[in-house]
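Listed below, chain by chain, are the residues.
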Amino acid sequence: MTTLYGMEDFLAPFLGLYANRAGSTASVNETLHETTQFGADPGQLRMLSFVPEDLPESAPLVVVLHGCGQTAAEYDRGTGWSSLADRFGFAVLLPEQRRANNANTCFDWFQTEDVTRGHGEAASIAGMVATMIARHGIDRRRVYVTGLSAGGAMTAAMLATYPDVFAGGAIIAGLPFGSATNVSEAFGAMMQGRVRKGPELGGRVRAASTHDGAWPTVSIWQGTADKTVNPMNAEELRKQWGDVHDLPATPTLSDEVDGAAHRAWRGRDGRMVLETYLIAGLGHATPIDPDAMLPDARCGQPAAHIVAAGISSTYRIAESWGLTVTRRLNSRPSPDRRAGTARPAWVAYLPLGAESVQDIAARLTDTSGIIGKALRSAGLIDADGAPKRKR
């Protein structure tokens, strides 16, 4: 084998270099808890989680899927999801692939039996979510999923196969659902990509379940210098979910967030339901910003395929889901290593899936700070911090 994402490493899991589905040698740091019994586990995955002390009632849940060659603990430590969860009061579920299943610990996003509702790895992850909801009183309306690379492709698969479970998802350096069904197609989709029409891509999502309700919101993250997953896959993902949400090609909003090109689309009901982030010069990695100007955005640390890129995908994704509105009283703030504050993205536009800015304001517990001043200036809350409602 060469480097982690070298050609030999990439081909290994696709060339049948698998052992029997059995134990794992991956270590778990002391932050994460392993649950060994969570019902049916057809995909034979490990269930790891982080639940803050005194988790608020009806708290949200974020499912985090690591990339190839990574463990759940390594990806969590690098991206800072459990740190953010402790700060803002939500739970994190971190399914982990076993090396016995896949030599490079990749989620098997291209294996039909693992990305079909009720089967394989997809069913195992859904079972873990059900366990978290039952044991920790999670708000089933606020369950989200995100992942990198193979974890990003599996994120797309979970959104397609279990759209009734997830309110939203964030796909980092991933591929559209249904991009491949065998080794050859998987290799081609990652390296070259393939241009398809939106209705064809969207049709694959609609055919993955019998869902007839609202579709999950989707955030797509991609580096322009990615040599492992062709950046064109980000546009194919945009077309796939744009078709599912019946959106035009032209975005509602085009701007720049922390140096990244950002586009967002508003659905017919007024919610922001789709967004893309394109990070210039970023390779195959999850972008983080441990020295962010906004203190609450500081989380994670650089590691293999987790890169300090001037924008914290972890924070921005959590923010778009409305998870960063209220800081827990017993949380420890990040050290203030840099002066100044960055504009909260949701002040400029609705977070993904938020019903309205007024609803976000209603959940604020501290309206005396920068966020409160911005909302009062915009006429969204009154002097006492109460949200103003339309007459």
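Residues numbered from 1 in each chain as written. Predicted model: local features only at pLDDT ≥ 70, side-chain atom pairs only at ≥ 80, totals over all residues. Heavy atoms only, no water.

(A) Broad picture of the confidence of the model for the chain. Per-residue pLDDT for the chain averages 84, and the proportion of residues at 70 or more is 76%. Per-residue pLDDT, averaged within each element of the chain, yields its smallest value for helix α10 (residues 345-348) (34) and its largest for strand β3 (residues 61-65) (99). Contacts for the low-pLDDT stretch residues 1-28, under 50 throughout, to residues beyond four places or in other chains number 68 contacts. Counted against residues more than four places away or in other chains, residues 355-368, with its pLDDT under 50, gives 36 contacts. (pLDDT = per-residue confidence, 0-100. Helix = DSSP H or I, 4+ residues; strand = E, 2+ residues; numbered from the N terminus. Contact = heavy atoms within 4.5 Å.)

(B) Structural view of helix α4 (residues 120-136). Relative to the 24 Å expected for 17 residues at 1.5 Å per residue, α4 spans 25 Å between its end C-alpha atoms, a close match to the ideal helical length. For α4, a buried count of 13 out of 17 residues is recorded, marking the element as mostly surrounded by other parts of the structure. Positive backbone phi, at 65 degrees, marks Gly137, one or two positions downstream of α4. (Expected span 1.5 Å × (residues − 1). Buried < 20%, exposed > 50% of the residue type's maximum accessible area, 1.4 Å probe, protein only.)

(C) Summary view of the nonpolar core. The biggest cluster of nonpolar side chains holds 46 residues, and the ones touching the most others in it are Leu61, Val63, Phe166 and Trp241. Mapped onto this core, the elements with two or more residues apiece are β3, β4 (91-96), α4, β5 (143-148), α5 (150-161), β7 (217-223), α8 (232-244) and β10 (272-279). In this structure, Phe166 is in contact with Val63, Val129, Val143, Tyr144, Val145, Met158, Leu159 and Pro216, ignoring residues within four places of it in sequence. Trp81, Phe90, Tyr277 and Leu294 belong to the second largest nonpolar core, which has 39 residues in total. (Core = buried A, V, L, I, M, F, W, Y, C linked by side-chain atoms within 4.5 Å.)

(D) Expanded view of the pattern of salt bridges. Per the stated rule, a full pass over the model turns up 15 salt bridges. Across the pair Arg46 and Glu96 runs a salt bridge, and its minimum N-O distance is 2.7 Å. With a gap of 50 residues between them, Arg46 in strand β2 (residues 46-50) and Glu96 in strand β4 connect regions that are remote in the sequence. Given a relative accessible area of 7%, Arg46 falls into the buried group. Overall, Glu96 belongs to the buried group, its relative accessible area being 0%. When salt bridges with common partners are traced through the structure, they connect Glu34, Arg46 and Glu96 into a single cluster. (Salt bridge = Lys/Arg side-chain N within 4 Å of Asp/Glu carboxyl O.)

(E) Expanded view of the packing of helix α3 (residues 81-88) against helix α9 (residues 313-320). It is the contact of α3 with α9, at a shortest axis distance of 10 Å, that shows an interaxial angle of 45 degrees. In terms of axis orientation, α3 runs oblique to α9. The handedness of the crossing between α3 and α9 comes out as right-handed. Where α3 approaches α9, its residues Trp81, Leu84 and Phe88 are matched on the opposing element by Thr314, Tyr315, Ile317 and Ala318. (Axes fitted to C-alpha atoms, helices over the stretch in contact; angles between N-to-C directions. Parallel < 35°, antiparallel > 145°, perpendicular 65-115°, else oblique. Left-handed = near helix turned anticlockwise from the far one by under 90°.)

(F) Broad picture of the packing of α4 against α5. The contact between α4 and α5 brings their axes to 10 Å, and the two run at 75 degrees. The angle between the axes of α4 and α5 places the two elements in the roughly perpendicular class. Each of Glu121, Ala122, Ile125 and Ala126 in α4 lies in contact with α5, whose residues at this interface are Met154, Met158 and Thr161. The class makeup of the residues in the contact of α4 with α5 is 5 nonpolar, 1 polar and 1 charged. (Nonpolar A, V, L, I, M, F, W, Y, C, P; charged D, E, K, R; others polar.)

(G) Representation of the sheet that holds strand β9 (residues 260-266) in the model. The strand order β1-β2-β4-β3-β5-β6-β7-β10-β9-β8 describes an open sheet built from 10 strands, whose pairing is mixed. Two strands close off the open sheet at either side, each with one partner strand: β1 (33-35) and β8 (253-257). For this sheet, the mean inter-axis angle between neighbouring strands, taken without regard to orientation, is 20 degrees. Bridging between β3 and β5 involves 5 bridges; their strand directions are parallel. Looking at β5, one finds that Val64 is bridged to Thr146. Its contacts with the sheet put α4 on β1, β2, β3, β4 and β5, and the angle it makes with β4 is roughly 150 degrees. (Pairing = 2+ DSSP bridges.)

(H) Highlighting α8. For α8, with 13 residues, the first-to-last C-alpha span of 19 Å sits near the 18 Å given by 1.5 Å per residue. Of all 13 residues making up α8, 10 are buried, and the element is well covered by its neighbours. Looking at α8, one finds that the buried residues are Asn233, Ala234, Glu236, Leu237, Arg238, Lys239, Gln240, Trp241, Gly242 and Val244.

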